[in-house]
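Summary of the model geometry
Take a look at the letters that make up each chain.
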Amino acid sequence: MKPFAYHQPDQIPDAAKLLTSIEDSKLVAGGMTLIPTLKQRLASPTALVDLSKLGSLKGITDDAATITIGAMTPHAVVAASKLIQTKIPGLAALASMIGDPAVRSRGTIGGSVANNDPAADYPAGVLGLGATIITSKREIAADKFFLGLFETALELGEIITAIRFPVPVKAGYAKFKAPASRYALVGVFVAKFPDGVRVAVTGAGPGVFRVPPMEAALSGHFDPSAIAAIKIDTDGLASDIHAEADYRAHLVTVMAKRAVEAALS
Amino acid sequence: MGNVIGIGAAPKRKEDQRFLTGRGNYVSDIKRPGMAAGVFVRSPHGHAVLRGIDKSDALASPGVIAVLTGDDVADDGLGSLPCGWGITDAKGMPMKEPPFPMLAQDKVRFVGDMVAFVIAETPEQANAAADLLKIDYKVLPSVVGVLEAVRPDAPQLFEDVPNNICCDWELGDKAAVETAFKKAAHVARLSLVNNRLIGNPMEPRAAIAEYEPGTDRYTLWTTSQFPHVVRFLMGALVLNIPQHKLRVVAPDVGGGFGVKQFHYGEEAVITWAAKRVRRPVKWVASRSEGYVSDRHGRDHVTEAELALDETGKFLAFRVNTLANMGGYLSTFGPNIPTNLYGPLLGGVYTTPAIYCNVKVVFTNTVPVDAYRGAGRPEATFVLERIVDVAASEMGIDRVEIRRRNMIPKEAYPYQTPVLVQYDSGDPMGCLDGALVAADVKNFGARKAASARKGKFRGLGYSTYVEACGLAPSRFAGRLGARGGLYESATVRVHPTGQVTVMIGTHNHGQGHETTFAQIVSDKLGVAFENVDIVFGDTDRVQFGMGTYGSRSLVVGGAALSKATDKVIVKGKKIAAHLLEASEADIQFEAGKFSVAGTDRIKTFEEIAGAAYVPHNYPLEVLEPGLEEQAYYDPVNFTYPGGCHIAEVEVDPETGTVTLVNYTAVDDVGTVINPMIVEGQLHGGIVQGVGQALFENAVYDEGSGQLLSGSLMDYCMPRADHLPMMKVATHSTLCTHTPMGVKGCGEVGTIGSPAAVINAVVDALSHLGVTHVDMPATPNRIWRLLQNASLPVAAE
């Protein structure tokens, strides 16, 4: 690890100011991606701005139609939340499948979404549910937020404060874990709303994406059989030592079916 | 006053008290006064000419003490890292043995090859300075696979090693095998890959070296399975340090699996550097560094043919293997795919003629050497796979074809056609026991239940035999060993009757402190808690060859048993004097010396006291003191064997293989501590399952980059991958070891890969699948099913 300055602001504007005023500074939330990267000397920020003192970023609230999760809420809290288990059980299930117990205790929803790892779980839940990302500056719809490999709509100095999820009729997540890393080799989140179905895929490509043909088919008939014959184009899908693109494409269909099964169960 | 806990009991492990309470003493825990930090700079290229290194910026970096390179090694006239085995080819010519410099000179030959050593006040400063080294590489094409390396146009690693072939080795009667094949009613053929593995001990390698100018002595603390061998190889052959001026300490070591049974260049560099800078120097590898520098295992490509008569009797077995050595010859490197592979191709069968050719090949990869099982899992995998292929092709039941060819219990000792003579065994008994324990008779019902869920269930058998208890020195010497393979133990009885044992094996997870204490407690009638086992320090332990090849109990335990017997013999002499009886009339049992047929006794403690306070003592004929030493050189290998049965379920939709049941019945000879044996079997089986289903070290051809370079991409088996295992022993006693022991450290790893893969093939056989290469990953299975002759019927 190379030396860096460490800041722990207690106000969001202070954190934003540190980020914009210090060149090559970085936010650290749970640190589950950043700290290993620092330890391997693959990144060398000049300063870390730690969000852990910002109490307003933690916690889960709801109203009639939505649930809002503070950006610094750890995965384990989401997984164990009675509120989320009752209203969006698919999202609680997703959180319970991330990493291992240590990662789930430290890692946060805001950190995961801001990092936009192409194989992370939360982007599938956020995009699949059509959530809204609330930042220190504005609100961004999930469809406009994820821009590709580790890229998001966040601007310099912009900090995610919470994510607001609409409560679906049904939702489910199915994940095929990469054997070694246990990131999603393919993860599919399916959510049924009164006005239609959303299907979001993580792990298969350079970033989370939706599958309109599956959404149309499931909007007509919310059942695994409706999408069993829908094949995904291999163009643009990832290929590596664990899985070539055609296998990932096949898994998208299998995991989408299983996500629907999970939503129906 | 504690109790005697003897042979066959299962006390909790003595050493676990300190491990589980965080009081272990590992190399990285050790701090020496004035200690500096060292980091190795490693080649990022698989193959390159090293044109020059500019140290100036690195030397000017804050805190830097020294930057050492291959030129400094050459200037000091130091030796090459030695290979402990010199094998010969089919024509009797010695293997090609190019030098293995401890820091690269002229060329680098794998990603991770050491180029420089940077010493600074702190690890951070050393790392920062390492980034400033300007190394001028001329990158060359790399070759990483054995098939590619022997092609005529392949990149050449060494000028004087044509076609990258280190040795073209053979074993067996080629002509007899050819004759048998001509008479065969059926010939089964199989091409397979034995995948490359990375050992992954929990504790990464580490070393600290210190030089004391006052005594001209060096001390090296290192994560080693064999400190005395490191002292010899490094002191005598690399650094020219006299043995009495070099102390090597391997304290608590967090797992080895073979990875730590080699003399590594890091050890030599740091010891040499400590004298140059007159400071203790410490190096601790990161996990990623271990991936590109710990010796890898396996990596074979094999063509095998089995000739059978019309009844399914094996007539002859022919095996041609290309074995990857990596970029240089490591300590045991060329021995593993030859002497520890070919002689095991007979397995538990009566195959009368066997021929094996192994081309040992250099590639631009980390040197390959012994990894738990070392050669014997590879042999077992080839044999047990092709037996299944033959059974399937001839329409003979897989268990039946094994029975028809098994060596009957009465036929032991059994001379194989490939050098080794098995002293004892009962393969049929192990098979019968495993069939019952695995509930094979109800497999059909379980398979039907799986089918109802859309899953394919398969059952796989593997029998095996291994040669362990390395090794009879004379025999090993004929095969090319450059050292002895005996073991030594000293039993020191203190004046108050407690016992300290100094033994040359090394405990790094095997439970020796418990097992060896049980042997002493049993034999001397001393309380278990009153026996301590000392190992891992060349200044405290007389000598030893270390721990590998399932040898610690077999060879080390035998030396301990012999030394303990000598203590009893001397004790009887002392007792005879004190009891005024003839020595021949003295009996020793349960810690008491008695005169036969009387109630006159002396306790072990009384005898120990008399030996050290010799007022009433036969000083004219007997030395005072009670301490005995023994060296033991085995007369033969030991041959544990057994039968493993794996049961898997395949999800045809995703290709995922789930191991649902696992049964092992093993013949390990006398069991000292059944709990420890069970643990060794569990761990060994898991490592074999890892090879079969998950683990794969993958290099990029051309660049030589290790693509599976971390635990993110190299999949280790985890608890949730495994079912509860059924493990039992069905032991015959070794006829030539003092306690009848055979060893159990590697058996699990040897039996399991073939059992698992045979189960996977069985699950998919209705689709026309006849072989699956390891690891049987979901991606690989799904792809096989896409190409299978029948449509996937998942519904």
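Residues numbered from 1 in each chain as written. Chains lettered and ligands numbered in written order. Predicted model: local features only at pLDDT ≥ 70, side-chain atom pairs only at ≥ 80, totals over all residues. Heavy atoms only, no water.

With that settled, consider the packing of aromatic side chains. The geometry of an aromatic ring pair comes down to the distance between the two centres and the angle between the two planes. Residues and elements named next belong to chain B. Here the structure, examined in full by the defined rule, presents 27 aromatic pairs over all chains. Pairing Phe 100 with Tyr 328 gives two aromatic rings, centres 4.2 Å apart and planes at 5°, and the pair type is stacked. You can see Phe 100 sitting in the loop between helix H3 (70-75) and strand S4 (107-108) and its partner Tyr 328 sitting in the loop between strand S14 (314-326) and strand S15 (353-362), a full 228 residues away along the chain. Comparing Phe 100 with Tyr 328, the two get one shared label, buried. By way of ring pairs, the aromatic residues Phe 100, Phe 110, Phe 158, Tyr 328 and Phe 362 are connected into one cluster. The ring of Phe 181 has Arg 318 lying over it, and the distance from NZ or CZ to the ring centre is 4.2 Å. (Phe/Tyr/Trp six-rings, centres within 6.5 Å; stacked < 30°, edge-to-face > 60°. Helix = DSSP H or I, 4+ residues; strand = E, 2+ residues; numbered from the N terminus. Buried < 20%, exposed > 50% of the residue type's maximum accessible area, 1.4 Å probe, protein only. Lys NZ or Arg CZ within 6 Å of the ring centre and 35° of its normal.)

A few words now on helix H1 (residues 12-21) of chain A. Residue and element names in this part refer to chain A. Buried within H1 we find Ile 12, Ala 15, Ala 16, Leu 18 and Leu 19. The buried residues of H1 occupy one face: seen down the axis, they fall within an arc of 160°. Residues of H1 that are exposed and point over 90 degrees away from its buried face: Pro 13, Lys 17 and Ser 21. As for H1, its buried residues are in contact with strand S1 (5-7), strand S2 (25-28), strand S3 (47-50) and strand S10 (160-166). (Arc of directions from axis to C-beta. Contact = heavy atoms within 4.5 Å.)

Residues and elements named next belong to chain B. For chain B, the assigned domains are domain 1 (31-140 + 202-255 + 260-291), domain 2 (297-470 + 636-787) and domain 3 (486-632). Distance from the C-alpha centre of domain 1 to the C-alpha centre of domain 3: 40 Å. Contact residues are listed per partner, giving 17 residues for domain 1 and 15 residues for domain 3. Taken together, the two surfaces of domain 1 and domain 3 that pack against each other cover about 1400 Å², and 51% of this comes from carbon and sulfur. The largest contributions to the domain 1 side of the interface with domain 3 come from Gln 225, His 228 and Arg 247, which together make up 40% of the buried area. The interface formed by domain 1 and domain 3 includes three salt bridges. The partner of Arg 247 in a salt bridge is Asp 539, with the nearest N and O atoms 3.7 Å apart. At the surface where domain 1 touches domain 3, the tally comes to ten residue pairs in polar contact (both at pLDDT 80 or more). Of all the elements in the fold, those that place two or more residues in the side of domain 1 that touches domain 3 are helix H7 (227-238) and strand S11 (246-249). Looking at the side of domain 1 that touches domain 3 residue by residue, the class counts come to nine nonpolar, five polar and three charged. (Domains from an automatic or database assignment. Buried area = accessible area lost by both parts, 1.4 Å probe. Salt bridge = Lys/Arg side-chain N within 4 Å of Asp/Glu carboxyl O. Polar contact = N/O pair within 3.5 Å; in protein donor to acceptor, adjacent residues only side chain to side chain. Nonpolar A, V, L, I, M, F, W, Y, C, P; charged D, E, K, R; others polar.)

Residues and elements named next belong to chain A. Across the five residues that make up strand S5 (residues 66-70), a large majority, five, are buried. In S5, alternate side chains face the same way, and those of Thr 66, Thr 68 and Gly 70 on one face and Ile 67 and Ile 69 on the other are all buried. Direction of pairing for strand S4 (residues 60-62) relative to S5: antiparallel, over a ladder of three bridges. The partner of Thr 61 across the bridge, within S5, is Thr 68. Pairing of S5 with S10 involves five bridges; the strand directions are antiparallel. Along S10, the bridge assignment pairs Ile 67 with Phe 165. (Pairing = 2+ DSSP bridges.)

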